[in-house]
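# What the coordinates show
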Amino acid sequence: MEILQSAAALQAQTEIWRQNKLRVGLVPTMGALHEGHLQLVRAAARENDVVVVSVFVNPTQFNNAEDFRLYPRVPDADAALLGPAGCTALFMPSVEQMYPQPTVLRFDFGPLEQVMEGEHRPGHFHGVATVVSKLFHLSRPHRAYFGQKDLQQVTIIRQLVADLSFDLEIVAYPTIREEDGLAMSSRNRRLSAEARAVAPRLYQALMLGAGLAQEQAQTPEAVQQAVAEFLAAEPAITLEYFTLADAQTLQPLAGFWPRGRTVALCLAAHLGGVRLIDNVLVTLPG
Ligand code: PAF
């Protein structure tokens, strides 16, 4: 596995792959890799000739300087995991390589980003779209792989690809969970033992909501209330939001259950200073 640190080196390598008609898979990450990332890398290795994994903690998508500073960074451990998973080239640029000058362009995804993560982390999706666009230009992938845990991110990146006619396919893989249900996340490394012990409650809350949504005996608002109350019973968890949204449009459900649609149950919560997100999908009967 090659390690590339400059944008020019990645572009030069991409050019060679393209000339040799090799299919390129890209897995963008911020490092601190876990099984969820490795699943994406293995899939990319199965479905392409070469695999680029980027490890870059992107400052422009953090709206909180402390969160950026504390984001886990373990480049050596990441590199050790990637070769065996099928990575051909690991792209680990510096901030200066990715942002040689401050960007001026602003991304605005309208209603798609006015809810959930976009609402609670202003500017987050502008930063994601900026860095992902740069990675697409530098590596010119045929396919790019993302985890469904960041459901809103996947939807917004699909919109980005459509709006800017990027010639590539977005591939999304389901969330990988620990045995107790906690969604795998790089941020889990920062959980204290106490916070880790109660963290599975987030998935339990989503499963409670999913069961109630499937029954449709109560309104979406009542289900929202039931999930919020379930989480409020655990003092170590502070719920930031729990939303029942149409999985395609991401718009919150209001008053009724849309027949035949897939509903996304999404939440963000704080556990001892660590912010986690998770979601599950429920398809309603037609
Ligand atoms: O999902 C992530 O890790 C990041 O948002 C991404 C897509 C690598 C962009 O920095």
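Since the structure is predicted, the reported quantities are computational estimates derived from the model, not experimental observations.

All chains considered together, the criterion is met by five aromatic pairs. Each ring, one from Phe62 and one from Phe68, has its centre 5.3 Å from the other, and the planes form 65 degrees; the classification is edge-to-face. Given the relative accessible area of 23%, Phe68 is considered partly exposed. When the centroid spacing of 6.0 Å and the interplanar angle of 5 degrees are considered together, the rings of Phe107 and Phe109 count as stacked. Judged by relative accessible area, which is 15%, Phe107 ranks as buried.

Bringing helix H11 (residues 220-232) into the picture now. With 13 residues, H11 extends 18 Å between its outermost C-alpha atoms, agreeing within 8% with the 18 Å of an ideal straight helix rising 1.5 Å per residue. Among the residues making up H11, those that are buried are Pro220, Val223, Val227 and Leu231. For H11, the arc enclosing every buried residue in end-on projection is 70 degrees, short of the 170-degree limit, so these residues lie on one face.

Relative to the helices and strands, Thr130 resides in helix H7 (residues 124-139). What Thr130 contacts, discounting residues up to four positions off in sequence, is Tyr99, Thr103 and Phe107.

Glancing now at the UniProt feature "binding site: beta-alanine" (unreviewed entry) in the chain. Residues given the UniProt feature "binding site: beta-alanine" (unreviewed entry) here are Gln61. Owing to a relative accessible area of 8%, Gln61 belongs among the buried residues under this scheme. In contact with Gln61, other than residues within four places in its own chain, are Met30, Arg121, His124, Gly127, Val128 and Val131. A polar contact of 2.9 Å, which involves the side chain of Gln61, links it to the side chain of Asn58.

Taken from the UniProt record, the annotation "active site" (unreviewed entry) applies to His37. Checked against the element boundaries, His37 lands in helix H2 (residues 35-47). Classification of His37 as buried rests on a relative accessible area of 12%. In contact with His37, not counting residues within four places along its chain, are Thr29, Gly31, Ala32 and Ser186.

The rules behind these values
Residues numbered from 1 in each chain as written. Predicted model: local features only at pLDDT ≥ 70, side-chain atom pairs only at ≥ 80, totals over all residues. Heavy atoms only, no water. Phe/Tyr/Trp six-rings, centres within 6.5 Å; stacked < 30°, edge-to-face > 60°. Buried < 20%, exposed > 50% of the residue type's maximum accessible area, 1.4 Å probe, protein only. Helix = DSSP H or I, 4+ residues; strand = E, 2+ residues; numbered from the N terminus. Expected span 1.5 Å × (residues − 1). Arc of directions from axis to C-beta. Contact = heavy atoms within 4.5 Å. UniProt positions renumbered as here; feature names shortened; annotations may be inferred. Polar contact = N/O pair within 3.5 Å; in protein donor to acceptor, adjacent residues only side chain to side chain.

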